[in-house]
Amino acid sequence: MVQYVDLWRLVRHTPLSSTPDVLSWRWTASATYSASSCYKALFFGACEDPYWRLTWRPWAPLRAMFFLWLAMQDRCWTAERLARHGLPHEDTCALCDQELESMHHLLMACSFSRQVWHEVLGWARMAVDLPSEDTPFQTWWSSCIDRSPAPVRKGLSSLIILTAWWLWKHRNACIFDRATPSLTLVSDTIKDEARLWEKAGAKGLLNIIPGE
Ligand SMILES: [Zn+2]
């Protein structure tokens, strides 16, 4: 991400002379400003966030994308992160009640979450591998996209964001509202939300979710 942009370096400054200074746009051959060239210029020389393409390109509500972006950098307050900082935390995962909760556990290794992935990906008829305990989430996500036909990739990415987002929301409900983990409830909610996301703009979902 670009932390600081020196707008002055985006323009070409002619040397001092008897004529007035002229500023011209240096990021196109014609020296004419365009929005796309400005966008590229803003990122010139910056290190690209490795998760940027996965997280921010598919259609999803901003809150869900922001959660995924934080999750992939392990910056959400899971029990494992709370423990690392010496803060009070649940002893076991609120969804499976079996292991200490980390973001990797919650998204990839949890027996409850794996059932949700199985249900949701099966419903969307996605022939992709289920999350694996041995694979980082973003590696699995990239692999799912790379191995899927082009017409379903955007929809699949939206569905992966949606499912991960609702696993986190369901986990929060179980911890903070003392809800009971429910495979049926969270799976049905994800399917209903997928139809709402499609109507709100996630057109890629049209290619993968079954008709009502
Ligand atoms: Zn678990």
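Keep in mind it's a predicted model, so treat the numbers as computed, not measured.

This part takes up the packing of helix α6 (residues 111–123) against helix α8 (residues 150–176). One way to put it is that α6 packs onto α8 with a least axis distance of 11 Å and a crossing angle of 145 degrees. The way α6 lies across α8 gives a crossing that is right-handed. Taken together, the residues of α8 that come into contact with α6 (itself represented by Ser113, Val116, Trp117 and Val120) are Leu159, Thr163 and Leu167. When its residues are assigned to classes, the contact of α6 with α8 shows 5 nonpolar, 2 polar and no charged.

In this section: helix α3 (residues 62–72). Within the span of α3, buried status applies to Ala64, Leu68, Ala71 and Met72. Down the axis of α3, the buried set is contained in an arc of 90 degrees. They therefore lie on one face. α3 presents Leu62 and Arg63 as exposed residues on the side facing more than 90 degrees away from its buried surface. Two residues or fewer after α3 comes Asp74, characterised by a positive phi angle close to 55 degrees.

Time to look at the confidence of the model for the chain. Mean pLDDT over the chain stands at 84; residues scoring 70 or higher make up 76%. Across the chain, α6 holds the top mean pLDDT of 97, while strand β1 (residues 11–13) sits lowest at 48. Between residues 10–14, whose pLDDT stays under 50, and residues either more than four places distant or in other chains, the model counts 13 contacts.

Let us now look at unusual backbone geometry. Of note, the phi angle at Asp97 is positive, near 55 degrees, even though the residue is not glycine. You can see Asp97 is positioned in the loop between α4 (79–84) and α5 (103–109). In the Ramachandran plot, Arg125 falls in the positive-phi region, its phi being about 60 degrees despite a non-glycine side chain. Along the chain, Arg125 falls in the loop between α6 and α7 (137–146).

We now examine the nonpolar core. Soluble globular proteins tend to pack their nonpolar side chains together in the buried interior. Residues Leu107, Leu159, Ile161, Leu162 and Ala164 are the most contacted members of the largest nonpolar core, which totals 43 residues. Take this core: its biggest share by element is 11 residues, from α8. Non-local contacts of Leu162, meaning those with residues more than four positions away in its chain, are made with Ala60, Ala64, Ile190, Glu193, Ala194 and Trp197.

Criteria and cut-off values
- Residues numbered from 1 in each chain as written.
- Predicted model: local features only at pLDDT ≥ 70, side-chain atom pairs only at ≥ 80, totals over all residues.
- Axes fitted to C-alpha atoms, helices over the stretch in contact; angles between N-to-C directions.
- Helix = DSSP H or I, 4+ residues; strand = E, 2+ residues; numbered from the N terminus.
- Left-handed = near helix turned anticlockwise from the far one by under 90°.
- Contact = placed C-beta atoms within 7 Å.
- Nonpolar A, V, L, I, M, F, W, Y, C, P; charged D, E, K, R; others polar.
- Buried ≥ 20, exposed ≤ 12 C-beta atoms within 10 Å, placed from the backbone.
- Arc of directions from axis to C-beta.
- pLDDT = per-residue confidence, 0-100.
- Core = buried A, V, L, I, M, F, W, Y, C linked by C-beta atoms within 7 Å.

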